[in-house]
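# Observations on the three-dimensional arrangement
Residue strings, one per chain:
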Amino acid sequence: KFIGDLTGLHVLEEQIKEILQVDHVVVVPGDSDDDTWVQKEMGKACIASLKKIVGKQNTIAVTGGTTMAAVAEAMTSLNKESEFLFVPARGGIGEKAENQASRIVEEMAKKVGGEYRQLYVPDPISDNTYETLINEPSIMEVIQRIKGADIVIHGVGDALKMAERRRTREHVITLLKEKDAASEAFGYYFDQAGNVVHKVKTVGIQLEDLDNVDNVITVAGGKSKGVAIASYFKRGRSDLLITDQGAAEQILRGF
Ligand code: G3H
(Lines give C-alpha, C1' and ligand atoms only; values in the text may rest on other atoms or scores of the structure.)
Protein backbone atom coordinates (compact mmCIF):
# COMPACT_ATOMS: atom_id res chain seq x y z
CA LYS A 1 0.00 0.00 0.00
CA PHE A 2 2.72 2.48 0.91
CA ILE A 3 5.72 3.41 -1.16
CA GLY A 4 8.16 1.62 1.09
CA ASP A 5 11.38 3.33 0.13
CA LEU A 6 12.61 6.82 0.70
CA THR A 7 13.37 7.33 -2.99
CA GLY A 8 9.66 7.02 -3.77
CA LEU A 9 8.78 9.58 -1.11
CA HIS A 10 11.51 11.88 -2.35
CA VAL A 11 10.08 11.76 -5.87
CA LEU A 12 6.66 12.59 -4.41
CA GLU A 13 8.15 15.55 -2.51
CA GLU A 14 9.69 16.94 -5.70
CA GLN A 15 6.40 16.57 -7.59
CA ILE A 16 4.44 18.33 -4.84
CA LYS A 17 6.98 21.18 -4.72
CA GLU A 18 6.43 21.71 -8.42
CA ILE A 19 2.63 21.49 -8.33
CA LEU A 20 2.09 23.67 -5.27
CA GLN A 21 5.00 26.01 -6.00
CA VAL A 22 6.41 25.66 -2.51
CA ASP A 23 10.11 25.70 -1.62
CA HIS A 24 10.20 22.79 0.81
CA VAL A 25 8.04 19.69 1.16
CA VAL A 26 8.30 16.74 3.52
CA VAL A 27 6.09 13.71 2.84
CA VAL A 28 5.85 11.08 5.58
CA PRO A 29 4.73 7.55 4.66
CA GLY A 30 1.10 6.48 5.19
CA ASP A 31 -2.27 8.22 5.32
CA SER A 32 -3.40 9.98 8.48
CA ASP A 33 -7.06 9.38 7.50
CA ASP A 34 -6.45 5.66 8.11
CA ASP A 35 -3.81 5.54 10.84
CA THR A 36 -3.31 7.89 13.78
CA TRP A 37 0.45 7.20 13.91
CA VAL A 38 0.85 9.02 10.58
CA GLN A 39 -0.25 12.32 12.16
CA LYS A 40 2.34 11.72 14.88
CA GLU A 41 4.98 11.22 12.19
CA MET A 42 4.02 14.56 10.62
CA GLY A 43 4.41 16.07 14.10
CA LYS A 44 7.91 14.65 14.41
CA ALA A 45 8.85 15.80 10.89
CA CYS A 46 7.64 19.30 11.77
CA ILE A 47 9.81 19.44 14.88
CA ALA A 48 12.85 18.14 12.92
CA SER A 49 12.36 20.96 10.38
CA LEU A 50 11.74 23.54 13.11
CA LYS A 51 15.07 22.67 14.74
CA LYS A 52 16.85 23.68 11.54
CA ILE A 53 15.30 27.13 11.30
CA VAL A 54 15.16 28.47 14.86
CA GLY A 55 17.21 31.56 15.62
CA LYS A 56 18.44 33.16 18.83
CA GLN A 57 15.06 34.64 19.77
CA ASN A 58 11.92 33.11 18.39
CA THR A 59 8.28 34.04 18.53
CA ILE A 60 6.27 31.13 17.22
CA ALA A 61 2.56 31.49 16.45
CA VAL A 62 0.53 28.29 16.29
CA THR A 63 -3.05 27.52 15.21
CA GLY A 64 -5.32 24.85 16.67
CA GLY A 65 -6.61 21.48 15.47
CA THR A 66 -5.68 17.82 15.86
CA THR A 67 -2.61 18.14 13.59
CA MET A 68 -1.19 20.99 15.68
CA ALA A 69 -1.94 18.93 18.79
CA ALA A 70 0.23 16.17 17.23
CA VAL A 71 3.00 18.72 16.63
CA ALA A 72 2.81 19.74 20.30
CA GLU A 73 2.95 16.10 21.32
CA ALA A 74 6.12 15.59 19.26
CA MET A 75 7.78 18.76 20.59
CA THR A 76 11.15 18.29 22.26
CA SER A 77 13.77 20.69 23.53
CA LEU A 78 14.82 22.69 20.46
CA ASN A 79 17.97 24.65 21.14
CA LYS A 80 19.24 25.33 24.64
CA GLU A 81 20.86 28.64 23.66
CA SER A 82 17.72 30.10 22.08
CA GLU A 83 14.73 31.84 23.60
CA PHE A 84 11.19 30.89 22.68
CA LEU A 85 7.84 32.57 23.01
CA PHE A 86 4.79 30.65 21.82
CA VAL A 87 1.57 32.50 20.99
CA PRO A 88 -1.77 31.28 19.66
CA ALA A 89 -2.31 32.51 16.09
CA ARG A 90 -6.03 33.04 16.82
CA GLY A 91 -8.37 33.43 19.74
CA GLY A 92 -10.43 30.62 21.22
CA ILE A 93 -12.49 28.74 18.65
CA GLY A 94 -15.30 26.28 19.19
CA GLU A 95 -12.91 23.34 19.31
CA LYS A 96 -12.34 20.74 22.00
CA ALA A 97 -10.01 22.12 24.68
CA GLU A 98 -7.17 19.73 23.75
CA ASN A 99 -7.21 20.99 20.14
CA GLN A 100 -7.27 24.70 20.93
CA ALA A 101 -4.26 26.85 20.13
CA SER A 102 -4.13 28.12 23.73
CA ARG A 103 -3.54 24.62 25.11
CA ILE A 104 -1.15 23.74 22.28
CA VAL A 105 1.16 26.75 22.87
CA GLU A 106 1.23 25.99 26.59
CA GLU A 107 2.36 22.40 25.94
CA MET A 108 4.96 23.49 23.39
CA ALA A 109 6.42 26.16 25.68
CA LYS A 110 6.67 23.78 28.62
CA LYS A 111 8.46 21.14 26.55
CA VAL A 112 10.89 23.64 25.07
CA GLY A 113 11.45 25.52 28.33
CA GLY A 114 10.10 28.72 26.79
CA GLU A 115 7.35 31.21 27.50
CA TYR A 116 3.83 31.46 26.20
CA ARG A 117 0.99 33.95 26.09
CA GLN A 118 -2.73 33.37 25.87
CA LEU A 119 -5.24 35.30 23.77
CA TYR A 120 -8.44 35.50 25.76
CA VAL A 121 -10.83 36.53 23.02
CA PRO A 122 -13.67 34.69 21.33
CA ASP A 123 -13.21 33.44 17.77
CA PRO A 124 -15.20 34.21 15.70
CA ILE A 125 -15.73 37.69 17.14
CA SER A 126 -18.46 40.25 16.40
CA ASP A 127 -17.56 43.67 14.95
CA ASN A 128 -18.54 45.54 18.13
CA THR A 129 -16.62 43.31 20.49
CA TYR A 130 -13.62 43.39 18.16
CA GLU A 131 -13.22 47.16 18.35
CA THR A 132 -13.47 47.14 22.14
CA LEU A 133 -11.22 44.18 22.76
CA ILE A 134 -8.32 45.02 20.47
CA ASN A 135 -7.86 48.27 22.38
CA GLU A 136 -7.45 46.47 25.70
CA PRO A 137 -3.72 46.87 26.59
CA SER A 138 -3.24 43.23 27.64
CA ILE A 139 -4.81 41.99 24.42
CA MET A 140 -3.01 44.55 22.30
CA GLU A 141 0.31 43.30 23.65
CA VAL A 142 -0.43 39.70 22.66
CA ILE A 143 -1.70 40.75 19.23
CA GLN A 144 1.55 42.63 18.61
CA ARG A 145 3.53 39.51 19.52
CA ILE A 146 1.39 37.40 17.20
CA LYS A 147 1.78 39.79 14.29
CA GLY A 148 5.52 40.00 14.91
CA ALA A 149 5.96 36.21 14.89
CA ASP A 150 9.13 34.87 13.24
CA ILE A 151 7.62 31.47 12.63
CA VAL A 152 3.99 30.45 12.04
CA ILE A 153 2.95 26.81 12.23
CA HIS A 154 -0.57 26.13 11.03
CA GLY A 155 -3.04 23.50 9.90
CA VAL A 156 -5.37 23.45 6.90
CA GLY A 157 -8.83 21.96 7.08
CA ASP A 158 -11.45 20.80 4.62
CA ALA A 159 -13.84 23.78 4.38
CA LEU A 160 -17.13 22.07 5.18
CA LYS A 161 -15.69 19.81 7.86
CA MET A 162 -14.20 22.82 9.63
CA ALA A 163 -17.42 24.81 9.31
CA GLU A 164 -19.41 21.97 10.89
CA ARG A 165 -16.80 21.38 13.58
CA ARG A 166 -16.94 25.05 14.55
CA ARG A 167 -20.73 25.09 14.72
CA THR A 168 -21.02 27.60 11.89
CA ARG A 169 -24.49 29.06 11.26
CA GLU A 170 -26.58 27.32 8.62
CA HIS A 171 -26.70 30.25 6.19
CA VAL A 172 -22.89 30.41 6.17
CA ILE A 173 -22.67 26.67 5.48
CA THR A 174 -25.10 27.16 2.58
CA LEU A 175 -22.91 29.99 1.25
CA LEU A 176 -19.76 27.86 1.54
CA LYS A 177 -21.47 25.09 -0.43
CA GLU A 178 -22.70 27.53 -3.08
CA LYS A 179 -19.24 28.98 -3.51
CA ASP A 180 -17.53 25.56 -3.56
CA ALA A 181 -15.35 26.33 -0.57
CA ALA A 182 -12.54 23.78 -0.43
CA SER A 183 -10.24 24.73 2.44
CA GLU A 184 -10.01 26.72 5.65
CA ALA A 185 -6.99 28.24 7.36
CA PHE A 186 -6.67 31.23 9.75
CA GLY A 187 -10.45 31.76 9.51
CA TYR A 188 -10.35 32.18 5.71
CA TYR A 189 -12.32 29.87 3.46
CA PHE A 190 -10.83 29.33 -0.03
CA ASP A 191 -12.27 27.74 -3.15
CA GLN A 192 -10.19 25.45 -5.37
CA ALA A 193 -8.78 28.39 -7.30
CA GLY A 194 -7.59 29.99 -4.06
CA ASN A 195 -10.22 32.76 -3.93
CA VAL A 196 -11.34 33.79 -0.45
CA VAL A 197 -15.05 32.94 -0.49
CA HIS A 198 -15.72 33.64 3.19
CA LYS A 199 -13.81 35.10 6.10
CA VAL A 200 -14.54 34.69 9.77
CA LYS A 201 -13.73 37.81 11.77
CA THR A 202 -10.80 36.85 13.96
CA VAL A 203 -8.30 38.50 16.24
CA GLY A 204 -4.83 37.26 15.34
CA ILE A 205 -2.98 36.33 12.16
CA GLN A 206 -4.50 37.66 8.95
CA LEU A 207 -3.40 36.42 5.53
CA GLU A 208 -1.42 39.60 4.78
CA ASP A 209 0.51 39.24 8.06
CA LEU A 210 2.13 36.09 6.67
CA ASP A 211 4.21 38.27 4.33
CA ASN A 212 6.17 39.56 7.32
CA VAL A 213 6.90 36.14 8.81
CA ASP A 214 10.32 34.53 8.19
CA ASN A 215 9.00 30.99 8.02
CA VAL A 216 5.46 29.71 7.53
CA ILE A 217 5.10 25.97 8.11
CA THR A 218 1.93 24.21 6.94
CA VAL A 219 1.17 20.81 8.44
CA ALA A 220 -1.73 18.89 6.91
CA GLY A 221 -2.24 15.34 5.73
CA GLY A 222 -4.73 12.61 4.86
CA LYS A 223 -6.25 11.75 1.48
CA SER A 224 -9.41 13.67 2.44
CA LYS A 225 -7.39 16.89 2.72
CA GLY A 226 -5.64 16.67 -0.67
CA VAL A 227 -8.02 19.12 -2.37
CA ALA A 228 -7.98 21.45 0.66
CA ILE A 229 -4.18 21.59 0.73
CA ALA A 230 -3.95 22.36 -3.00
CA SER A 231 -6.59 25.07 -2.55
CA TYR A 232 -4.73 26.76 0.33
CA PHE A 233 -1.47 26.83 -1.63
CA LYS A 234 -3.12 28.68 -4.50
CA ARG A 235 -3.38 31.71 -2.27
CA GLY A 236 -1.85 31.38 1.19
CA ARG A 237 1.82 31.84 1.81
CA SER A 238 3.89 28.90 3.01
CA ASP A 239 7.58 28.01 2.92
CA LEU A 240 7.33 24.42 4.03
CA LEU A 241 4.59 21.82 3.71
CA ILE A 242 4.68 18.79 5.98
CA THR A 243 2.20 16.25 4.65
CA ASP A 244 1.66 12.52 4.24
CA GLN A 245 1.62 10.11 1.35
CA GLY A 246 -2.19 9.90 1.34
CA ALA A 247 -2.59 13.67 0.78
CA ALA A 248 0.38 13.93 -1.60
CA GLU A 249 -0.97 11.20 -3.88
CA GLN A 250 -4.40 12.83 -3.84
CA ILE A 251 -2.87 16.19 -4.82
CA LEU A 252 -1.09 14.47 -7.72
CA ARG A 253 -4.34 12.86 -8.87
CA GLY A 254 -5.91 16.31 -9.13
CA PHE A 255 -3.41 17.44 -11.74
O1 G3H B 1 -7.73 25.22 10.25
C2 G3H B 1 -7.57 24.04 10.12
C3 G3H B 1 -7.75 23.10 11.18
O4 G3H B 1 -7.21 23.59 12.34
C5 G3H B 1 -7.24 21.72 10.87
O6 G3H B 1 -7.66 20.86 11.89
O7 G3H B 1 -5.68 19.41 12.14
O8 G3H B 1 -7.83 18.79 13.19
O9 G3H B 1 -7.56 18.67 10.73
P10 G3H B 1 -7.15 19.36 11.98
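Report on the accompanying structure. (Residues numbered from 1 in each chain as written. Predicted model: local features only at pLDDT ≥ 70, side-chain atom pairs only at ≥ 80, totals over all residues. Heavy atoms only, no water.)

Our focus in this paragraph is the overall build of the protein. Counting its regular elements, the protein contains ten helices and eleven strands. In summary, the protein has a C-alpha radius of gyration of 17 Å against a globular reference of 18 Å for 255 residues, a match within 12%. Along the first, second and third principal axes, the C-alpha atoms of the protein reach 55 × 50 × 30 Å. The proportion of buried residues among the 255 residues of the protein is 54%. Considering only contacts in the protein between residues 6 or more positions apart, those separated by 24 or more positions represent 72%. (Helix = DSSP H or I, 4+ residues; strand = E, 2+ residues; numbered from the N terminus. Rg over C-alpha atoms; globule rule 2.2 N^0.38 Å. Buried < 20%, exposed > 50% of the residue type's maximum accessible area, 1.4 Å probe, protein only. Contact = heavy atoms within 4.5 Å.)

Side chains of residues three or four places apart in an α-helix project in the same direction, reflecting 3.6 residues per turn. Among the residues of helix α8 (residues 170–178), Val 172, Ile 173 and Leu 176 are the ones counted as buried. The arc that holds every buried residue of α8, seen down its axis, measures 100°, which confines them to one face. Of the exposed residues in α8, the ones pointing more than 90 degrees away from its buried face are Glu 170, His 171 and Glu 178. Structurally, α8 contributes buried residues whose contacts are with α7 (159–165), β7 (181–185), β8 (188–191) and β9 (196–199). Asp 180 occupies a position one or two residues after α8 and carries a positive phi of about 55°. (Arc of directions from axis to C-beta.)

Quick look at the site of the ligand now. Near the ligand you find Gly 64, Gly 65, Thr 66, Thr 67, Gly 155, Val 156, Gly 157, Met 162, Arg 165, Arg 166, Glu 184 and Lys 225, and these make up its full shell. Arg 165 places a polar side-chain atom, nitrogen or oxygen, 3.0 Å from an oxygen atom of the ligand. For the ligand, the accessible surface in isolation is 300 Å², of which the surrounding protein chains cover 94%. For the shell around the ligand, a count of residues per class yields two nonpolar, six polar and four charged. (Near = heavy atom within 4 Å. Polar contact = N/O pair within 3.5 Å; in protein donor to acceptor, adjacent residues only side chain to side chain. Areas by Shrake-Rupley, 256 points an atom, 1.4 Å probe, with all protein chains shown as cover. Nonpolar A, V, L, I, M, F, W, Y, C, P; charged D, E, K, R; others polar.)

Okay, helix α3 (residues 66–74) next. Buried residues dominate α3, accounting for seven of its nine residues. Its buried side turned inward, α3 meets α2 (36–53), β2 (57–62), α4 (101–112), β5 (151–154) and β10 (215–219).

Turning our eyes to something else, we now look at the pairing of β10. Among the five residues in β10, four count as buried, and that is most of the element. Note: β10 against strand β11 (residues 240–244), three bridges, orientation parallel. Residue pairing across strands places Ile 217 opposite Leu 240, the latter belonging to β11. Of the crossover connections in this fold, the one passing from β10 over helix α9 (residues 226–235) to the parallel β11 is right-handed. (Pairing = 2+ DSSP bridges. Right-handed = clockwise from strand over helix to strand, strands pointing away.)

Attention now goes to the pattern of salt bridges. For the structure shown, the criterion picks out 15 salt bridges. In this structure, the salt-bridge partner of Lys 40 is Glu 73, at a minimum N-O distance of 3.3 Å. In this pair, Lys 40 sits in helix α2 while Glu 73 sits in helix α3, placing the two residues 33 residues apart along the sequence. Among the residues examined, Lys 40 registers a relative accessible area of 38% and is labelled partly exposed. Since its relative accessible area comes to 46%, Glu 73 is described here as partly exposed. The shortest N-O distance in the salt bridge between Arg 117 and Glu 115 comes to 3.3 Å. On the accessibility criterion, Arg 117 (22% relative accessible area) is partly exposed. (Salt bridge = Lys/Arg side-chain N within 4 Å of Asp/Glu carboxyl O.)

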